[in-house]
Structures are given as C-alpha cells and as structure tokens.
Amino acid sequence: MIIICSDSNAVKSTLKGKGVPLFNVTYINGSFNSIWMWDYGCNTMYKDDVDSLYLVDWIYNSLRPANDNVPASVANFKNIPLYETTTAPYSLVHTGGNFITDGFGTAFSSNLVLDEETLLVSDYPTGVVDGLQIEANLNYVLSNFNSVYEKPYEVIRIPAPSSTSGAHPDNGGYYRTYSNQVFVNKKVILPIV
C-alpha cells in the first residue's frame, strides 16, 4: 500500500491506533488537495498484457493541482514508467474513479464501475435523483453491450448510504457511494465507513 502524506509519523500513529498492521506500507512525502485518491491517482497496466508494469495518468478534471501531481510522484518513487493521456488525440479528462477498462479494449466511464464481466453499481433508495440516472445508465449498458466473452454483465449492487446528516446528494448530502474501489488480484476492496 502506498500512502501520500506530509507526515508519515502521524499516519503511522493513526494506523496503529486503528489496529492496522504497518508492514507492506510505503509512505511518499507529498502534497494533495483531497482524499479521493481513486479520482486523481493513476491506473496500472502491463505491457503486452503480462510484461512490464506501467502507470497511466489522465487530465484531472478539477482545479486541484496538488492532486494532479500525485501520479508523477508515485511513478518517480517506484521507478515505474508513466504514460499520460494528456495530449490529443489521446487526451482523457476525467475524475478517474469511474473509468475502468476490462483490459480487452472496452472501457466504461459513467456512474458504474466495471470488472471484466461484472458491474458494481451504486444503489440509492427509490426515488433519489442520482439513483434514477444510474438506473438509466445501467439499462442502456445492459441493453446494448455484452462482456468481452459475449455474455451479459453480472450486476452487483453497492449500497449508497446517506451522508452523516442523513441526506442524499439530491437533498444537500455528500456523495458516499463507496463505489470508489481498488482491485487487488482477484478481490475488490470497497470502503464501508
């Protein structure tokens, strides 16, 4: 695990206090503007599907310059080549968290997140505005596309809780969809608190 921080000792203390083991944790001294690393971090890929590891960066769609510098910091620290989708015709402006590819030439960019045969979809309570749009997006995808194996996608619902105030985004609450996730080998890790 890599943690970008300005004070690694404070982070270690917090992790220890929460019972998190500190082995396999790397700290990179750097700055950032927000906690949503999945939005501005970088994607990993392998050359020729199985060869050398590379990192891929995109144009971050927010006015948070420190966030946009994080991928280069990680690439430099780990000595991994960084490819950037920042120049036409390959420019991609994105928040990152909702851009996932199956590795076979298909990519999705919307309110859902894709594993190669499985869609993880935020599940809002009935009638919440974001939920209506998510359902429309999902129905469009399921009606028009199959997985790389020509089978319908499996859909797994991820509960989209309200913010601590009890409100959802259409009532002034924060987005707490938890569909910002990390793939580790054949597991998907989702924050739940």
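Source: prediction; values computed, not measured.

A. Structural detail: the overall build of the chain. On a plain count of helices and strands, the chain comes out with four helices and 13 strands. The buried share among the 193 residues of the chain stands at 33%. Put simply, of all contacts in the chain between residues at least 6 apart along the chain, 54% involve residues at least 24 apart. Of the roughly 12200 Å² that the chain leaves accessible, carbon and sulfur atoms contribute 54%.

B. Examining the environment of phenylalanine 23 more closely. Residue position: phenylalanine 23 is located in the loop between α1 (8-17) and β2 (26-29). For phenylalanine 23, a relative accessible area of 59% translates into the label exposed. C-alpha separation for the pair phenylalanine 23 and methionine 1, spaced 22 residues apart in sequence, amounts to 9.1 Å.

C. View of unusual backbone geometry. Cis geometry is found at the peptide bond from alanine 88 to proline 89, where omega equals 5°. The backbone of asparagine 79 sits at a positive phi, close to 55°, despite the residue not being glycine. For asparagine 79, the location among the structural elements is in the loop between α3 (65-78) and β5 (82-85). Look at asparagine 79 and you get exposed, because its relative accessible area is 70%.

D. Spatial organisation of the confidence of the model for the chain. Taken residue by residue, the chain gives an average pLDDT of 80. The fraction at 70 or more is 87%. In the model of the chain, strand β9 (residues 112-114) stands out as the element of lowest mean pLDDT, 40, in contrast to α1, which has the highest, 94.

Here is what the cut-offs are and how they apply
Residues numbered from 1 in each chain as written. Predicted model: local features only at pLDDT ≥ 70, side-chain atom pairs only at ≥ 80, totals over all residues. Heavy atoms only, no water. Helix = DSSP H or I, 4+ residues; strand = E, 2+ residues; numbered from the N terminus. Buried < 20%, exposed > 50% of the residue type's maximum accessible area, 1.4 Å probe, protein only. Contact = heavy atoms within 4.5 Å. Areas by Shrake-Rupley, 256 points an atom, 1.4 Å probe, with all protein chains shown as cover. pLDDT = per-residue confidence, 0-100.

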